[in-house]
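Single-letter residue listing:
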Amino acid sequence: MTTTTTRAEDEGEDGARDVDASDALVEGVREMRVRDDDEDGGAENVGAENVGGENDAAAKKKKKKKKKKKAALTTTSKTYPGGKQTAPPSVPVRELFPDGAYPTGEILAHHDHNLWRETDEEKRELERLEENLYNEARQCAEVHREVRQYISEWVKPGMKYIDVCETLENSVRRLIEERGLEAGVAFPTGCSKNHIAAHWTPNGGCESVIDKDDVIKFDFGVQVKGRIIDCAFTKTFNDMYDPLLKAVNEATETGIKTAGIDVRLCDIGEAVQEVMESHTVEIHGKEYQVKCCSNLNGHSIDPYRIHAGKSVPIVRGGVQTKMEEGEYYAIETFGSTGRGCVHFEHAFSLVFFLRFRRITRGENRHS
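The text that follows walks through the structure, step by step, so that each part is easy to find. The model shown is predicted, which means the values in this text are computed figures rather than measured ones.

Scanning the protein chain from N- to C-terminus turns up six helices and 20 strands. By the burial criterion, 47% of the 367 residues in the protein chain qualify as buried. Carbon and sulfur atoms make up 47% of the accessible area of the protein chain, which totals about 18900 Å².

Now the structure itself:
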């Protein structure tokens, strides 16, 4: 089994797999589009009879089209400063937060060796100068939060993977008010299932359907002016997998709390592994130790660049490179019931095109 906190791609049997993961499952985060469930009305036959000559004896048939019906939108119970969100999400977050200030979220304190930064006037001023960049990232985070909450509650066994991805991605486009490269979907949605650890997404025409025992890693991103929020979550429909998700969630929280300015990347990996591998999970009567996928990592993020050069390991023994002030990171963890190592099979199903100012879904080609 495998679990993660990042992205994934692959079609059917394609993509990154855990080596010994016939039963393996993974956790991650991904994105989707919303589509109108418009229905073409059926044709009605209207008979008209003439009592004239023989040629008018047969009834004339007329076809009349019904008006298209759009899927009804309902409002959620949560109230924002600018009103309520719909389900599926369709109200831009800019309208929900009319003052332009987006939720701050959780702010962690500096580690002991850096506590002086919280009172130093020069550092405090530098933080204030970055406030606009932080607010753009928080706008992306709010879009991500609203979309993933809806998808997590809405997705059900029997749905097609392609339909779920399209619903997710279209929701992102509406909430961020997509406009070329300035704002929109950061990368194609990953929705890796079961033993596929990462980097799989359904291509057009894919008929794969969600099963009640699937473990799905949804991985999607949102960007404004190149500032990317890359986040993933795992969805299951069987309580049997809850301990696996708990192991990965705790490992991810540990990685986030360990991270900070001047922290060595290898120290984050060691902390993540210690928490992850302290867990076990029972699958179909057999107990497995949860292991980190040693060759999968988190990563630094630059404007318009999802992988910016630094990798954050999730096992001990990594590089001693340090995190630096001003950097952005995605802390990603992958828990597995297999050997804790992935290998790559076949072609990937994600491809990125910046040509024509858009990102599009490809057909089993390498990026």
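On we go from here.
Packing of helix α3 (residues 131-154) against helix α4 (residues 161-176) brings their axes to within 10 Å, and their N-to-C directions diverge by 150°. The handedness of the crossing between α3 and α4 comes out as right-handed. Contacts from Gln-139, Val-143, Glu-146, Val-147, Tyr-150, Ile-151 and Trp-154 in α3 reach Val-164, Thr-167, Leu-168, Ser-171, Val-172, Leu-175 and Ile-176 in α4. By residue class, the composition of the contact of α3 with α4 is ten nonpolar, three polar and one charged.

A separate point is the nonpolar core. Counting residues in hydrophobic clusters, the biggest one holds 33 residues, and the most contacted among them are Val-143, Val-147, Ile-151, Val-172, Cys-191 and Phe-218. Contributing elements (two or more residues each) for this core: α1 (93-96), α3, α4, β8 (183-185) and β11 (215-224). The biggest single contributor to this core is α4, with seven residues. Excluding its chain neighbours within four sequence positions, the residues that come into contact with Val-147 are Pro-89, Leu-168, Ser-171, Val-172, Leu-175 and Phe-220. Counting residues in hydrophobic clusters, the runner-up holds 31 residues, among them Ala-197, Val-215, Ile-268 and Met-323.

As a further point, take the sheet that holds strand β18 (residues 328-330). Read across the open sheet, the three strands follow the order β17-β16-β18; overall the sheet is antiparallel. Strands at the two margins of the open sheet, each flanked by one partner only, are β17 (311-312) and β18. As paired elements, strand β16 (residues 298-301) and β18 share three bridges and run antiparallel to each other. Within the sheet, the bridge partner assigned to Ile-301 lies in β18 and is Tyr-328.

It is worth spelling out the pairing of strand β13 (residues 280-283) at this point. What you see with β13 is a clean split: Val-281 and Ile-283 sit on the buried side and Thr-280 and Glu-282 on the side with no burial. Summarising the sheet, β13 and strand β14 (residues 286-289) pair through four bridges and their orientation is antiparallel. Paired with Val-281 across the two strands is Tyr-288, which belongs to β14. Connecting the antiparallel pair β13 and β14 is a turn made up of two residues, with His-284 showing a positive phi of about 50°.

Thresholds, definitions, all that
Residues numbered from 1 in each chain as written. Predicted model: local features only at pLDDT ≥ 70, side-chain atom pairs only at ≥ 80, totals over all residues. Heavy atoms only, no water. Helix = DSSP H or I, 4+ residues; strand = E, 2+ residues; numbered from the N terminus. Buried < 20%, exposed > 50% of the residue type's maximum accessible area, 1.4 Å probe, protein only. Areas by Shrake-Rupley, 256 points an atom, 1.4 Å probe, with all protein chains shown as cover. Axes fitted to C-alpha atoms, helices over the stretch in contact; angles between N-to-C directions. Left-handed = near helix turned anticlockwise from the far one by under 90°. Contact = heavy atoms within 4.5 Å. Nonpolar A, V, L, I, M, F, W, Y, C, P; charged D, E, K, R; others polar. Core = buried A, V, L, I, M, F, W, Y, C linked by side-chain atoms within 4.5 Å. Pairing = 2+ DSSP bridges.

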